[in-house]
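A closer look at the structure
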6 protein chains.
Amino acid sequence: MRKQKFVKDSYVRMTELVLPNDTNTLNNLMGGKMMHWMDIVSAIAAQKHSNRIVVTASVDNVSFKESIKLGNVVTLEAQVTRAFSTSMEVHITVWAEDIPSGTKVKSNEAYFTFVALDENGNAVPVPEATPETDEEKEKYAGALRRRQLRLILAGRMKPNDANELKSIFNL
Amino acid sequence: MRKQKFVKDSYVRMTELVLPNDTNTLNNLMGGKMMHWMDIVSAIAAQKHSNRIVVTASVDNVSFKESIKLGNVVTLEAQVTRAFSTSMEVHITVWAEDIPSGTKVKSNEAYFTFVALDENGNAVPVPEATPETDEEKEKYAGALRRRQLRLILAGRMKPNDANELKSIFNL
Amino acid sequence: MRKQKFVKDSYVRMTELVLPNDTNTLNNLMGGKMMHWMDIVSAIAAQKHSNRIVVTASVDNVSFKESIKLGNVVTLEAQVTRAFSTSMEVHITVWAEDIPSGTKVKSNEAYFTFVALDENGNAVPVPEATPETDEEKEKYAGALRRRQLRLILAGRMKPNDANELKSIFNL
Amino acid sequence: MRKQKFVKDSYVRMTELVLPNDTNTLNNLMGGKMMHWMDIVSAIAAQKHSNRIVVTASVDNVSFKESIKLGNVVTLEAQVTRAFSTSMEVHITVWAEDIPSGTKVKSNEAYFTFVALDENGNAVPVPEATPETDEEKEKYAGALRRRQLRLILAGRMKPNDANELKSIFNL
Amino acid sequence: MRKQKFVKDSYVRMTELVLPNDTNTLNNLMGGKMMHWMDIVSAIAAQKHSNRIVVTASVDNVSFKESIKLGNVVTLEAQVTRAFSTSMEVHITVWAEDIPSGTKVKSNEAYFTFVALDENGNAVPVPEATPETDEEKEKYAGALRRRQLRLILAGRMKPNDANELKSIFNL
Amino acid sequence: MRKQKFVKDSYVRMTELVLPNDTNTLNNLMGGKMMHWMDIVSAIAAQKHSNRIVVTASVDNVSFKESIKLGNVVTLEAQVTRAFSTSMEVHITVWAEDIPSGTKVKSNEAYFTFVALDENGNAVPVPEATPETDEEKEKYAGALRRRQLRLILAGRMKPNDANELKSIFNL
């Protein structure tokens, strides 16, 4: 039988300081640097769940609402939401904090997907991911819908076959 | 009247060499590093169109099919597809090349959106972006549908109002 | 009256992946890179306690027992132990994890001291740091002894005046 | 018989320019970056003495008195003070120079200890280190006392057994 | 018979954004960073021509007339000019662009030479490089003269034997 | 009267460790990284002579004979050879050392030229540079010939006017 692990056991927290090279000429953190950090923190969460080397398979839509400034502290939290046969979806929350002024805002949320690999670079099965809290269960349920959207956007599923996804259009 | 610029005038090509620090322990390029490069090349395209400092507003779904290896040459091409009032959508194509073996594959495509800012960091209007070729016109037309998907995913539009997007579900 | 904050409110956790440029030719993490990470995580803890820009004032003895390898995940936890008038001592614990093999070891502990600065770079008073748990209280008490050792080593206190420190020699 | 080398033959001088990413938001060099440089320069000195790959074993107290600014030139000098069976103590002096204003100050001194390793990562014997000048002889003599302090602080020696160290308390 | 390739097939374009760590305290791009980029873009051109790993053999005189500022976009274009038995000369043109002000200037031109290596690090023959346009033919012809200058400057040819080079002195 | 400084007072020594990101896939140091280090060490020498911010004006031919490997220690020595009105020529010698095998070779020599700038970025006069040893005097004398070659190569002097340079062709 397939091994089970709790989603919370994959939880990772990472803290970064925004340095000059991470910013544009208005001293705002560049989006690409943020995504680089998101990729590292979520890859570690996927590694913890699978005990394997992992590679990024896809990144869902990310929107950048708040500008994050030079000198801010950025906290990233990542946790596996659901495991498929050889892949895992990871949810990431990003917080930006201006410590001298005492302000802290949630700046982004995102979903990254990873595939687990063996030493030869071949995909290998991963344990099931078991949600416990209500929030974890909700993210677990939504993972199917997000997966269908990814497959459609990658041209690997026909929109009409995406039953879970259609539901967001109340059809 | 609003200024017009051809989309092809925003074209940018960037070439990068995959170095050890860009790779995981299987010597594959990490997805986060790739997105960092995508962000820089598309920000430059948006700057060229708007002649402004720009900030990343959103990143659409990106999927990673091919593994790119240490020592490969990565070529990124970016071009604005359509301009909205203060924002621009940019399309990016990524090629990975193993020069000694002579293989070159298209590894990714992606859409990033940027907002143009003045010196005080406030959003400012950008010129219209005029497509010329068939491919440019198709990407221009699709930009509306992708924008609706972004707004829905960011919780800023109700799925039922997304007329262009619904069309992909043949309703 | 001087403001009070709980030491636990300064807690910071940072996670880093050991990349090729962080290692020597035996693929071991270099000590200097580790200390760079320790400095950043503990500076953030001191910033959280003081809501100020901080500068490193001193680093206590650090010993490196375990070798940490390329690809390992390094977790650093930092928390203020005690505040003096314008300075704060921060305790750091470092964990090294080889995720594919499932091993995790405590690799280091260290104490860094920071001074809080205003916008002009002058030292400013910081809130008192209140310990709650037994472990926090023990670290709070020991801070005085460590401070005397630092002052002696920096040539700013005579060994004979270091009453708390002398106690470790049972005199 | 064990090979002998003069301590001066391990002498290394390194010069670095303080760049934006090395500084905090007050444009002061961060302590962690300085320790990273100290580690590299002293590792090279230990390599020169032992003709081996070396790993950092411990770092003694470092205090940061002077703030070093963006654009300053930092000069680090390192030299082995004494060799033990498989380890070496290295003394480092750091100078900070503001060239346009013509000021140069000694900003730090520190002691780092390294272990010599063979290709399999096992500790190997190193040559004896012979001091010649008065200053070298004084550092050679003090190395024993500093080693006892390190062992006590690492919990590997009882304070009462540290005869050389006790002498600094004039007991 | 020796393989032939057109020089235009080695063409590479690279785009870089000037970030804080690339600049001195006047916010001008440092010459060394520029040369680092020149080396990467021209190495890729030489790799494309030879389908081999390449190493830099020499760099011709480079002069820096224009100062390039923080936030500028730097475009580098490289193309092989001529192949010798195991080496290739590459011509590089550098453009600096201040996008918000709409200015773009040619900032540098340079010639770098590379040697092609097999997997064991030994020099190997490369295809002939065939010029087509007038500009390519002129650079092809001049390559011999520049090669003689390199050999003289490296002390490997006597000035009197440099017939092509002498012609620039109208002798 | 113009201030005089001895050339030896501008002497700078820099030591660098070749890390993974500095090398190509054959583990050889990339030429561009070496030139980046050369630029920093020689800029510091020019700063020391002029007590000014300096910018790179030109780089003379550099040839790369020896391959330098991952883990090698690179030592760069720079010293001003001669000052012109607002510019200085700096000579750089580079040594590569494989410490475990005990080999050390001179890998490169080069000349870089810098212009001294005031706070507004305008060129300013620099002190005269006085040579003392025979080697310093020889480099001082040759500086005129190298300067003519630079001006010819930059298209700013006619070959027939380059009297000092012509002498190398024994005319």
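Small disclaimer: the values here were computed from a predicted structure and weren't measured. (Residues numbered from 1 in each chain as written. Chains lettered and ligands numbered in written order. Predicted model: local features only at pLDDT ≥ 70, side-chain atom pairs only at ≥ 80, totals over all residues. Heavy atoms only, no water.)

So, the overall build of chain A
Within chain A, the regular secondary structure consists of three helices and eight strands. Relative to the globule expectation of 16 Å for 171 residues, the C-alpha radius of gyration of chain A, 17 Å, shows essentially globular dimensions. With the C-alpha coordinates aligned to their principal axes, the bounding extent of chain A is approximately 50 × 40 × 35 Å. Within chain A, buried positions represent 59% of all 171 residues. Taking contacts inside chain A between residues at least 6 apart in sequence as the whole, the part at least 24 apart equals 68%. (Helix = DSSP H or I, 4+ residues; strand = E, 2+ residues; numbered from the N terminus. Rg over C-alpha atoms; globule rule 2.2 N^0.38 Å. Buried < 20%, exposed > 50% of the residue type's maximum accessible area, 1.4 Å probe, protein only. Contact = heavy atoms within 4.5 Å.)

Notes on the UniProt feature "domain: HotDog ACOT-type" (unreviewed entry) in chain A
Taking the UniProt record as the reference, the feature "domain: HotDog ACOT-type" (unreviewed entry) is found at residues 8-120 of chain A. Span residues 8-120 of chain A is 18% helix and 47% strand, its end C-alpha atoms 29 Å apart. (UniProt positions renumbered as here; feature names shortened; annotations may be inferred.)

A few points about the sheet that holds strand S3 (residues 53-59) of chain B
One open sheet holds the six strands; their spatial order is S4(A)-S3(B)-S7(B)-S6(B)-S5(B)-S2(B), and the pairing between them is antiparallel. A single partner strand is all that each edge strand has here, and the edge strands are strand S4 (62-63) of chain A together with strand S2 (12-17) of chain B. Direction of pairing for strand S5 (residues 73-83) of chain B relative to strand S6 (residues 87-98) of chain B: antiparallel, over a ladder of 10 bridges. Counterpart to Arg82(B) in the pairing with S6(B) is Glu89(B). In the packing of helix H2 (residues 134-153) of chain B onto the sheet, contacts are made with S3, S5, S6 and strand S7 (103-117) of chain B, and the angle to S5(B) comes to roughly 80°. (Pairing = 2+ DSSP bridges. Axes fitted to C-alpha atoms, helices over the stretch in contact; angles between N-to-C directions.)

Some thoughts on the relation of the copies chain F and chain B
Of the transformation superimposing chain F on chain B, the axial component is 0.0 Å and the angular component is 120°, with the fit at an RMSD of 0.0 Å. Here the two chains are linked by the operation of a three-fold rotation axis. (Least-squares fit on C-alpha atoms with pLDDT ≥ 70 in both.)

Overview of helix H1 (residues 31-50) of chain E
Residues and elements named next belong to chain E. When the terminal C-alpha atoms of H1 are compared, their 28 Å separation across 20 residues agrees well with the 28 Å that a helix rising 1.5 Å per residue should span. Among the 20 residues that make up H1, 19 are buried, leaving the element largely enclosed by the rest of the structure. Two residues or fewer after H1 comes Asn 51, characterised by a positive phi angle close to 50°. (Expected span 1.5 Å × (residues − 1).)

Structural notes on the relation of the copies chain A and chain B
Relative to chain B, chain A is turned by 180° and slid 0.0 Å along the rotation axis, the superposed coordinates differing by an RMSD of 0.0 Å. Overall, the copies show the geometry of a two-fold rotation axis. Within chain A, Asn61(A) has its C-alpha nearest the rotation axis, a separation of 2.5 Å. Taken as a fraction of all interface residues of chain A, those also at the interface in chain B reach 100%, which identifies the copy contact as same-surface.

Details of the pattern of salt bridges
Residues and elements named next belong to chain A. Inspection of the entire model under this criterion finds 52 salt bridges over all chains. As a salt-bridge pair, Glu 109 and Lys 106 come within 3.5 Å of each other at their nearest N and O atoms. Residue Glu 109 is classed as partly exposed on the basis of its relative accessible area, which comes to 40%. As a salt-bridge pair, Glu 135 and Lys 139 come within 3.1 Å of each other at their nearest N and O atoms. Here Glu 135 pairs with Lys 139, and both are found in helix H2 (residues 134-153), just four residues apart, close to one helical turn. Judged by its relative accessible area of 55%, Glu 135 is exposed. Residue Lys 139 is classed as buried on the basis of its relative accessible area of 16%. The structure contains a network of salt bridges with shared partners spanning Asp 60, Glu 89, Arg 146 and Arg 150. (Salt bridge = Lys/Arg side-chain N within 4 Å of Asp/Glu carboxyl O.)

A short note on the pairing of S7(B)
All names here are of chain B. Relative to S7, S3 runs antiparallel, the two sharing six bridges. Directly across from Thr 56, in S7, lies its bridge partner Phe 114. Examined bridge by bridge, S6 and S7 share 12 bridges and lie antiparallel to one another. Bridge pairing in S7 places Trp 95 opposite Lys 106. The hairpin formed by S6 and S7 contains four residues between the paired strands, and Gly 102 there has a positive phi angle of roughly 75°.

Describing the interface of chain A and chain B
Much of the literature gives interface size as the accessible area that the parts lose upon coming together. The partner chain B presents 41 residues to the 41 residues of chain A that form the contact. Summing both sides of the interface, chain A and chain B together bury roughly 3,300 Å²; the carbon and sulfur share of this comes to 66%. Here chain A and chain B share zero salt bridges between them. Our count for the contact surface shared by chain A and chain B stands at nine residue pairs in polar contact (both at pLDDT 80 or more). (Buried area = accessible area lost by both parts, 1.4 Å probe. Polar contact = N/O pair within 3.5 Å; in protein donor to acceptor, adjacent residues only side chain to side chain.)

Remarks on the packing of aromatic side chains
Residues and elements named next belong to chain A. As enumerated under the stated definition, the model contains six aromatic pairs over all chains in all. The interplanar angle of 20° and the centroid separation of 6.5 Å between the aromatic rings of Phe 112 and Phe 114 together place this pair among those described as stacked. Its relative accessible area of 0% is what places Phe 112 among the buried residues. When its relative accessible area of 1% is taken as the criterion, Phe 114 is described as buried. Over the ring of Tyr 140 we find Arg 82, and its NZ or CZ is 4.0 Å from the ring centre. (Phe/Tyr/Trp six-rings, centres within 6.5 Å; stacked < 30°, edge-to-face > 60°. Lys NZ or Arg CZ within 6 Å of the ring centre and 35° of its normal.)

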